[in-house]
Amino acid sequence: MKLGDSEKSILVVLAGIAIAVLGFMYLIKPNYEETQTIKAECVQLQDRLTLLQQKEARRDEYLANTEKLNNAFQEKLDAFAPDLNQEVTIMFLEGIKDNNDFDIATLELGEPEQFYTLGLGGGDATLDATAGTTGTTEAASTEAASTEAASTEAATDATALAEGDAVDEAEYNCYRAAFPLEYTGSYASLKDVVKYVNDFESRMTIDSIEIAYDADSDLYGGALNLMLYAVTSSDRPETSMEMNDVEIGTDNIFQGAVGSGSSSVVSTMTKYDENEGAAIESSYDFYAMLNPASSDVSAKVVGQNGAGKEASVISNSDNDVTNLSFEFYEKDGKNYCKYTLGDSVSYEAEVTSAEDIKLLIQSSARKNDDDKVGVKVSIRNTTDLPVYVKVAGDDSVSPRVKIANKSGAVKVY
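Below, the structure is looked at part by part. (Residues numbered from 1 in each chain as written. Predicted model: local features only at pLDDT ≥ 70, side-chain atom pairs only at ≥ 80, totals over all residues. Heavy atoms only, no water.)

Thoughts on the overall build of the chain
Argument step 1. If you tally the helices and strands in the chain, you get 6 helices and 18 strands.
Argument step 2. Counting contacts in the chain only where the partners sit at least 6 residues apart, residues at least 24 apart contribute 74% of the total.
Argument step 3. For the chain, the exposed surface amounts to about 24,100 Å²; the carbon and sulfur share of it is 51%. (Helix = DSSP H or I, 4+ residues; strand = E, 2+ residues; numbered from the N terminus. Contact = heavy atoms within 4.5 Å. Areas by Shrake-Rupley, 256 points an atom, 1.4 Å probe, with all protein chains shown as cover.)

Regarding the pairing of strand E16 (residues 387–392)
Argument step 1. Taken across its 6 residues, E16 has 5 buried, putting it largely inside the fold.
Argument step 2. In this structure, strand E14 (residues 357–362) lies alongside E16, joined through 6 bridges in parallel fashion. Across the sheet, residue Gln362 finds its bridge partner in E16, namely Ala392.
Argument step 3. Of the strand pairs in this sheet, E16 and strand E18 (residues 410–412) are connected by 3 bridges, and their pairing is parallel. Residue pairing in the sheet places Tyr388 in a bridge with Lys411 of E18. (Buried < 20%, exposed > 50% of the residue type's maximum accessible area, 1.4 Å probe, protein only. Pairing = 2+ DSSP bridges.)

Looking at the sheet that holds E16
Hydrogen bonds between backbone atoms are what pair the strands of a sheet, whose relative direction is either parallel or antiparallel.
Argument step 1. Strand order across the open sheet formed by 6 strands is E10-E9-E8-E14-E16-E18, with mixed pairing between neighbours. With partners counted over all chains shown, the strands left at the sheet margins are strand E10 (314–316) and E18, one partner each. Averaged over all pairs of adjacent strands, the angle between their axes in this sheet comes to 10°, without regard to strand direction.
Argument step 2. Pairing between strand E8 (residues 286–290) and E14: 4 bridges, direction parallel. Residue Phe286 lies in a different strand from E14, and its bridge partner there is Leu359. (Axes fitted to C-alpha atoms, helices over the stretch in contact; angles between N-to-C directions.)

Points about the environment of Asp273
Argument step 1. Structurally, Asp273 can be placed in the loop between helix H6 (263–266) and E8.
Argument step 2. Along the backbone, Asp273 and Tyr413 are 140 residues apart, and their C-alpha atoms lie at a distance of 8.1 Å.
Argument step 3. Contact partners of Asp273, with chain neighbours within four places excluded, come to Lys411 and Tyr413.
Argument step 4. Of the polar contacts made by the side chain of Asp273, one reaches the side chain of Tyr413; its length is 2.6 Å. (Polar contact = N/O pair within 3.5 Å; in protein donor to acceptor, adjacent residues only side chain to side chain.)

Remarks on helix H2 (residues 59–78)
Argument step 1. Look at H2: 28 Å from first C-alpha to last across 20 residues, which is about the 28 Å you get at 1.5 Å a residue.
Argument step 2. Regarding H2, the residues found buried are Tyr62, Thr66, Phe73 and Leu77. Axial view of H2: buried residues confined to an arc of 45°, hence all on one face. H2 presents Asp60, Glu67, Lys68 and Glu75 as exposed residues on the side facing more than 90 degrees away from its buried surface. (Expected span 1.5 Å × (residues − 1). Arc of directions from axis to C-beta.)

With respect to the sheet that holds strand E15 (residues 374–381)
Argument step 1. On the basis of which strands lie adjacent, the open sheet formed by 5 strands has the order E13-E12-E11-E15-E17 and mixed pairing. Each edge of the sheet is formed by a strand with only one pairing partner; in this case those strands are strand E13 (345–350) and strand E17 (401–407). Adjacent strand axes in the sheet meet at a mean angle of 15°, parallel and antiparallel pairs treated alike.
Argument step 2. Pairing analysis gives 8 bridges linking strand E11 (residues 321–331) to E15, with the strands arranged parallel. The residue bridging Phe328 from the neighbouring strand is Asn381, located in E15.

Focus: the nonpolar core
Argument step 1. Counting residues in hydrophobic clusters, the biggest one holds 25 residues, and the most contacted among them are Phe286, Val302, Leu324, Phe326, Phe328, Tyr339 and Val377.
Argument step 2. Looking at this core, the elements with two or more residues in it are E8, E11, strand E12 (334–341), E14, E15, E16 and E17.
Argument step 3. Membership of the second largest hydrophobic core comes to 20 residues, among which are Ile96, Phe179, Val197 and Phe200. (Core = buried A, V, L, I, M, F, W, Y, C linked by side-chain atoms within 4.5 Å.)

Structural notes on the pattern of salt bridges
Argument step 1. Enumeration over the complete set of coordinates arrives at 12 salt bridges.
Argument step 2. Between Asp199 and Lys195 there is a salt bridge, and its shortest N-O distance comes to 2.7 Å. Separated by 4 residues within a single helix, Asp199 and Lys195 lie in helix H5 (residues 187–199), roughly one turn from each other.
Argument step 3. Since its relative accessible area comes to 46%, Asp199 is described here as partly exposed.
Argument step 4. Where Glu348 meets Lys331, a salt bridge forms, and the shortest distance between an N and an O atom there is 3.1 Å. Here the residue Glu348 occupies a position in strand E13, and Lys331 occupies one in strand E11, the gap between them amounting to 17 residues.
Argument step 5. Taking the relative accessible area as the measure of exposure, Glu348 reaches 36% and is therefore partly exposed.
Argument step 6. Among the ionic contacts, a cluster of salt bridges with common partners joins Lys271, Asp285, Glu355, Asp356 and Lys358. (Salt bridge = Lys/Arg side-chain N within 4 Å of Asp/Glu carboxyl O.)

Below you can see the structure in the form of structure tokens.
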């Protein structure tokens, strides 16, 4: 069958249309889509370039904010111990025993438990269901997490500008340990313990407290539930503390150490309670004076008060913290005080007072950061007389005087 000219024309047109469609489908359309994709990528890259140029213009501001936020985060982190090892526990309990007229009848040492994880690499933080039972912990963790998040965002921008690399992920594991204890002591000593916990160098809270009053003995007793916190990480070194001042053991396991159980005696020592022992500053039996390192007189002077007692004075001018011990004891029917400054310089003096023994530690404010003068004081009393100690004029920011330990009937103001 022969095709007419009109039919041939139609076939030619259809063939042309088919070729055009195929050409569009297989040649033009892919090139068009690729072109559109490249244009979209160019728009995105242009936007990113504009953003990076804006950040580059504010580089110094980002770096300054990064340092500021990192310092804020580190300040929060430093409030928590780097671990919950035995040294932290022992030194905390030693501080309660030595610095307060407070008897601990029973004590439980809780096992550390992990309850929170802080991740600096953008990972999810996890919190167990029991964490809500300690509001202080949750608030502290939330505050630290907020600071951490802000610090991480700024650090990411600054590091990307400087190095173009992602921030390495670091985890901070949060632990806590409970210390339930039963106690007895005076009302003043109980307040001192609460203050001691609040001012403790590592994060510590009082989760609950029970107080009962015994009118006959004028003593308070009850239960105290303490919680100690720590944040561990590979970049936080474990705690290392000197344990030289910690008393270990006793001569007889069926008897308390010397001075143990003396809190009930100390709680009745109220003779100089008015104005926190201010009367001792004008009338005392023994003294220790601490002067600035740049002073014209010796930095540390110890002696017996009274006329003609010049021979009793011992001193040194070392610009450091020196051990200072006072031992009050009975010998040949008389009471004596032996005070030792450093490792070898000491003096033995007879106690002339018949009612009590008063010791004044007169300190002073530090002149500058180079002024390192200080003393670590140990007081041991085995006499029948009470010993009253007044620490006066000490530096409020960086105290020169640390009462390392005391035993027997000793009260410190």
